[in-house]
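Here is how the chains run, residue by residue.
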Amino acid sequence: MGRQLLAGAIAAAGAVAGYERLAKPWMYRWGATPDEVAATLPGDDLVAPTTPKTTRAVTIEAPAEAVWPWLAQIGEDRAGFYSYDRLERLVGARIHNADRVHPEWQQLRVGDTVWLARRYRSIGRQIVAAVEPGSHLVLMSDSDFRRVSEGAKASGSWAFHLQRHGASTRLLARGSAGAVGQPMFDVAHFVMERAMLLGIRNRVMAHLATGG
């Protein structure tokens, strides 16, 4: 029994070490260049600089103006998050991903709510902390938004940035603090956010291919 426990402990330690050394760095900067990971992006100044961050990215062969409408309409009660909506519904979110741009969902202002899951009330709610059409969208919790409104730093944020590269656009997602650093959250969030970035890219390209 003692040997089995020791072997189990060694295996567990190896798994943790492997996660920290290989999986975690890869997930935290999936698709992003070193310059993008190191860059200071809009909204970073609203969060304490020592908080852990993830930066993920995809290239979309389209101008930022073609990408922004899909980003502007995210939310449970709007276009969804273009990820695995069946999984999201399993945890209580009433999400159905949209496959077209909805003109009625294009207006976003600071202070607006973007719902992750309305059934969870305040913890399922994100507030628009900064927004510039065609450039960036910064979300954070209700409590963090109140802190920022009072001149303090937020404990975390979830932000999306469009960077123009000729005729293409780099779509970046930056998460900071919150549950970042907890392995179960890190893995689940990586799976869903990666699918979201690819989902936006695929919808933009399909829309353009059909003459949209």
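Preceding this paragraph is the structure being described.
Structural notes, computed from the coordinates. (Residues numbered from 1 in each chain as written. Predicted model: local features only at pLDDT ≥ 70, side-chain atom pairs only at ≥ 80, totals over all residues. Heavy atoms only, no water.)

## With respect to the overall build of the protein chain
Stage number 1. Each helix and strand in the protein chain was counted, giving 6 helices and 6 strands.
Stage number 2. Listing every helix and strand of the protein chain by position from the N terminus yields α-α-β-α-α-β-β-β-α-β-β-α.
Stage number 3. A buried classification covers 47% of the 212 residues belonging to the protein chain.
Stage number 4. In the protein chain, once contacts between residues fewer than 6 apart in sequence are set aside, the share between residues at least 24 apart is 61%.
Stage number 5. Taken as a whole, the protein chain presents about 11300 Å² of accessible surface, with 58% of it coming from carbon and sulfur. (Helix = DSSP H or I, 4+ residues; strand = E, 2+ residues; numbered from the N terminus. Buried < 20%, exposed > 50% of the residue type's maximum accessible area, 1.4 Å probe, protein only. Contact = heavy atoms within 4.5 Å. Areas by Shrake-Rupley, 256 points an atom, 1.4 Å probe, with all protein chains shown as cover.)

## Overview of the pairing of strand S1 (residues 53-60)
Stage number 1. For S1, a buried count of 6 out of 8 residues is recorded, marking the element as mostly surrounded by other parts of the structure.
Stage number 2. Here S1 runs beside strand S6 (residues 168-177); their pairing, made up of 8 bridges, is antiparallel. Counterpart to Ala57 in the pairing with S6 is Leu172. (Pairing = 2+ DSSP bridges.)

## Some remarks on the pairing of S6
Stage number 1. With 10 of 10 residues buried, S6 is to be regarded as a mostly interior element.
Stage number 2. The pairing of strand S5 (residues 156-165) with S6 spans 10 bridges and is antiparallel. From the neighbouring strand, Leu162 faces S6, where its bridge partner is Leu171.
Stage number 3. Connecting S5 to the antiparallel partner S6 that follows it, the hairpin turn spans 2 residues, and Gly166 within it adopts a positive phi of roughly 65°.

## Brief notes about the pattern of salt bridges
Where charged atoms of side chains with opposite charge meet at close range, the side chains can pair.
Stage number 1. Taken as a whole, this structure holds 10 salt bridges when the rule is applied.
Stage number 2. With its nearest N and O atoms 2.7 Å apart, the salt bridge here joins Glu36 to Arg170. Of this pair, Glu36 sits in helix H2 (residues 34-38) while Arg170 sits in strand S6, and the two are 134 residues apart along the sequence. Exposure class is identical for Glu36 and Arg170. Each is buried.
Stage number 3. Between Arg118 and Asp77 there is a salt bridge, with the nearest N and O atoms lying 3.0 Å from each other. In this pair, Arg118 is assigned in the loop between strand S2 (113-115) and strand S3 (125-132) and Asp77 in the loop between helix H3 (64-72) and helix H4 (85-90), connecting sequence segments 41 residues apart. (Salt bridge = Lys/Arg side-chain N within 4 Å of Asp/Glu carboxyl O.)

## Let's talk about the nonpolar core
Stage number 1. Core analysis: the largest hydrophobic core is formed by 36 residues, its most contacted members being Ile60, Ile74, Leu137 and Ile200.
Stage number 2. At the level of elements, S1, H3, strand S4 (136-140), S5, S6 and helix H6 (183-209) are the ones that each hand at least two residues to this core.
Stage number 3. Setting aside residues up to four positions removed in sequence, Leu137 forms contacts with Trp68, Leu71, Ile74, Leu108, Val128, Ala130, Val131, Trp158, Ala159 and Phe160.
Stage number 4. With 10 residues, the next largest nonpolar core counts Val47, Ile127, Met140 and Ala159 among its residues. (Core = buried A, V, L, I, M, F, W, Y, C linked by side-chain atoms within 4.5 Å.)

## Quick word on the packing of aromatic side chains
Stage number 1. For the structure shown, the criterion picks out 5 aromatic pairs.
Stage number 2. Look at Trp70 and Tyr82: their rings are 6.1 Å apart centre to centre, the planes differ by 70°, and that puts the pair in the edge-to-face class. Highlighted residues: Trp70 in helix H3 and Tyr82 in the loop between H3 and H4, separated in sequence by 12 residues. Comparing Trp70 with Tyr82 shows no difference in burial state: the two are buried.
Stage number 3. On the numbers, 6.0 Å between centres and 35° between planes, the contact of Phe81 with Trp158 is tilted. Here Phe81 is found in the loop between H3 and H4, whereas its partner Trp158 is found in strand S5, with 77 residues between them in sequence. Accessibility assignment for this pair places Phe81 and Trp158 in one class, buried.
Stage number 4. Members of the aromatic cluster, each reached through a chain of ring pairs, are Trp26, Trp30 and Phe190. (Phe/Tyr/Trp six-rings, centres within 6.5 Å; stacked < 30°, edge-to-face > 60°.)

## Quick notes on the side chain of Gln126
Stage number 1. The topology assignment puts Gln126 in strand S3.
Stage number 2. Judged by relative accessible area, Gln126 falls into the buried class, the value being 12%.
Stage number 3. Not counting residues up to four positions away in its chain, the partners in contact with Gln126 are Asp112, Thr113, Val114, Leu116, Leu139, Met140, Ser141 and Trp158.

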